[in-house]
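Spelled out, the chains give:
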Amino acid sequence: MTKPHSPAQWHGYPFVWAWYVNIASLDATFIEDRCREAKAEDAPADAVYKTGPGNTPPNKWITVSQLSADRRDRVRDHGNALLHWEQELTARRNGTAVQPLHTRQPTTTPTVPTPADPCKS
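Here the structure is a predicted model, which means the values were calculated and not measured.

> An account of the side chain of Thr51 is requested, with residue identities and associated values reported.
By secondary structure assignment, the location of Thr51 is in the loop between β1 (47-50) and β2 (61-63). The class for Thr51 is buried, based on a relative accessible area of 10%. Of the polar contacts made by the side chain of Thr51, one reaches the backbone nitrogen of Asn59; its length is 3.0 Å. Sequence-distant contacts of Thr51, that is, excluding residues within four places in its chain, are made with Pro57, Pro58, Asn59, Lys60 and Ile62.

Right under this line is the structure:
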(Lines give C-alpha, C1' and ligand atoms only; values in the text may rest on other atoms or scores of the structure.)
Protein backbone atom coordinates (compact mmCIF):
# COMPACT_ATOMS: atom_id res chain seq x y z
CA MET A 1 0.00 0.00 0.00
CA THR A 2 1.21 3.52 -0.79
CA LYS A 3 1.57 5.38 2.48
CA PRO A 4 2.14 9.11 2.80
CA HIS A 5 5.24 10.21 4.69
CA SER A 6 3.26 12.99 6.36
CA PRO A 7 -0.26 14.46 6.32
CA ALA A 8 1.08 17.34 4.22
CA GLN A 9 1.24 14.98 1.24
CA TRP A 10 -2.53 14.80 0.88
CA HIS A 11 -2.89 18.62 0.94
CA GLY A 12 -6.13 18.53 2.93
CA TYR A 13 -7.69 15.79 0.78
CA PRO A 14 -7.25 12.44 2.56
CA PHE A 15 -10.10 10.83 0.62
CA VAL A 16 -8.37 11.53 -2.69
CA TRP A 17 -5.29 9.76 -1.29
CA ALA A 18 -7.48 6.91 -0.02
CA TRP A 19 -9.23 6.53 -3.39
CA TYR A 20 -6.05 6.12 -5.39
CA VAL A 21 -4.56 3.71 -2.86
CA ASN A 22 -7.75 1.64 -2.98
CA ILE A 23 -7.56 1.35 -6.76
CA ALA A 24 -3.96 0.15 -6.38
CA SER A 25 -2.05 3.23 -7.50
CA LEU A 26 1.49 2.74 -6.22
CA ASP A 27 2.97 6.07 -7.27
CA ALA A 28 2.96 8.48 -4.31
CA THR A 29 3.94 11.39 -6.56
CA PHE A 30 0.95 10.76 -8.83
CA ILE A 31 -1.41 10.57 -5.83
CA GLU A 32 0.04 13.73 -4.31
CA ASP A 33 -0.42 15.53 -7.64
CA ARG A 34 -4.13 14.56 -7.62
CA CYS A 35 -4.41 15.92 -4.05
CA ARG A 36 -2.74 19.17 -5.16
CA GLU A 37 -5.19 19.38 -8.04
CA ALA A 38 -8.12 19.02 -5.63
CA LYS A 39 -6.69 21.79 -3.45
CA ALA A 40 -6.03 24.10 -6.41
CA GLU A 41 -9.59 23.63 -7.66
CA ASP A 42 -11.11 23.98 -4.17
CA ALA A 43 -12.78 20.59 -4.47
CA PRO A 44 -15.30 19.50 -1.81
CA ALA A 45 -13.64 18.32 1.43
CA ASP A 46 -14.80 14.75 0.80
CA ALA A 47 -13.71 14.70 -2.85
CA VAL A 48 -12.38 11.38 -4.13
CA TYR A 49 -11.50 11.81 -7.80
CA LYS A 50 -12.24 14.03 -10.79
CA THR A 51 -13.99 12.70 -13.87
CA GLY A 52 -12.30 13.12 -17.22
CA PRO A 53 -13.45 15.36 -20.08
CA GLY A 54 -15.05 12.38 -21.87
CA ASN A 55 -17.04 11.24 -18.83
CA THR A 56 -20.58 12.13 -17.82
CA PRO A 57 -20.53 14.53 -16.04
CA PRO A 58 -17.25 15.86 -17.44
CA ASN A 59 -14.52 17.33 -15.19
CA LYS A 60 -16.52 17.00 -11.96
CA TRP A 61 -15.23 16.05 -8.52
CA ILE A 62 -16.89 12.88 -7.24
CA THR A 63 -17.37 12.70 -3.47
CA VAL A 64 -17.33 9.79 -1.03
CA SER A 65 -21.12 9.71 -0.84
CA GLN A 66 -21.38 9.19 -4.62
CA LEU A 67 -19.37 5.95 -4.61
CA SER A 68 -20.86 2.45 -4.59
CA ALA A 69 -21.38 1.07 -1.07
CA ASP A 70 -18.33 -1.22 -1.09
CA ARG A 71 -15.92 1.41 -2.39
CA ARG A 72 -17.50 4.12 -0.25
CA ASP A 73 -16.86 2.15 2.95
CA ARG A 74 -13.26 1.29 2.04
CA VAL A 75 -12.38 4.83 0.94
CA ARG A 76 -14.13 6.44 3.92
CA ASP A 77 -12.43 4.08 6.40
CA HIS A 78 -9.00 4.65 4.85
CA GLY A 79 -9.50 8.43 4.67
CA ASN A 80 -10.69 8.55 8.28
CA ALA A 81 -7.66 6.49 9.33
CA LEU A 82 -5.42 9.09 7.67
CA LEU A 83 -7.25 11.88 9.52
CA HIS A 84 -6.91 9.98 12.81
CA TRP A 85 -3.17 9.57 12.18
CA GLU A 86 -2.91 13.32 11.54
CA GLN A 87 -4.70 14.07 14.82
CA GLU A 88 -2.39 11.72 16.74
CA LEU A 89 0.68 13.37 15.22
CA THR A 90 -0.63 16.80 16.14
CA ALA A 91 -1.38 15.72 19.71
CA ARG A 92 2.07 14.16 20.07
CA ARG A 93 3.77 17.26 18.64
CA ASN A 94 1.84 19.56 20.99
CA GLY A 95 2.43 17.30 23.98
CA THR A 96 -0.28 15.90 26.12
CA ALA A 97 -1.83 18.36 28.48
CA VAL A 98 -2.45 17.10 31.98
CA GLN A 99 -5.99 17.83 33.04
CA PRO A 100 -6.55 18.53 36.75
CA LEU A 101 -8.81 16.04 38.48
CA HIS A 102 -10.43 18.65 40.70
CA THR A 103 -10.69 22.34 40.09
CA ARG A 104 -12.07 23.25 43.53
CA GLN A 105 -9.73 23.99 46.40
CA PRO A 106 -10.22 21.92 49.56
CA THR A 107 -12.01 23.67 52.40
CA THR A 108 -10.65 23.93 55.93
CA THR A 109 -13.73 22.34 57.47
CA PRO A 110 -14.54 18.77 56.54
CA THR A 111 -17.63 18.36 54.41
CA VAL A 112 -18.34 14.91 55.85
CA PRO A 113 -18.87 14.76 59.62
CA THR A 114 -16.28 12.64 61.44
CA PRO A 115 -17.76 9.75 63.36
CA ALA A 116 -17.46 9.87 67.13
CA ASP A 117 -14.52 7.94 68.60
CA PRO A 118 -16.07 4.69 70.00
CA CYS A 119 -13.34 4.48 72.63
CA LYS A 120 -14.43 7.77 74.26
CA SER A 121 -17.98 6.63 75.00
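> How would you summarise the environment of Arg72 if you had to cite specific residues and measurements?
Residue position: Arg72 is located in helix α3 (residues 69-94). We classify Arg72 as partly exposed; its relative accessible area is 23%. Separated by 53 residues in the primary sequence, Arg72 and Trp19 have C-alpha atoms spaced 9.2 Å apart. If we ignore the near neighbours within four places in the chain, the residues touching Arg72 are Val64, Ser65 and Leu67.

> How would you explain the packing of aromatic side chains if you had to name every residue and give the values?
Within a pair of aromatic rings, the relevant descriptors are the distance that separates the centres and the angle that separates the planes. Within the structure shown, the criterion is met by 3 aromatic pairs. Ring geometry for Trp19 versus Tyr49: centroids 4.7 Å apart, planes at 25°, classification stacked. Of this pair, Trp19 sits in helix α1 (residues 14-22) while Tyr49 sits in strand β1, and the two are 30 residues apart along the sequence. Judged by relative accessible area, Trp19 falls into the buried class, the value being 10%. According to the relative accessible area criterion, Tyr49 is partly exposed, its value standing at 24%. On the basis of an interplanar angle of 85° and a centroid distance of 5.4 Å, the ring pair of Tyr20 and Phe30 is categorised as edge-to-face. With a gap of 10 residues between them, Tyr20 in helix α1 and Phe30 in helix α2 (residues 28-40) connect regions that are remote in the sequence. Under the relative-accessibility criterion, Tyr20 is labelled buried at 11%.

Thresholds applied
Residues numbered from 1 in each chain as written. Predicted model: local features only at pLDDT ≥ 70, side-chain atom pairs only at ≥ 80, totals over all residues. Heavy atoms only, no water. Helix = DSSP H or I, 4+ residues; strand = E, 2+ residues; numbered from the N terminus. Buried < 20%, exposed > 50% of the residue type's maximum accessible area, 1.4 Å probe, protein only. Polar contact = N/O pair within 3.5 Å; in protein donor to acceptor, adjacent residues only side chain to side chain. Contact = heavy atoms within 4.5 Å. Phe/Tyr/Trp six-rings, centres within 6.5 Å; stacked < 30°, edge-to-face > 60°.

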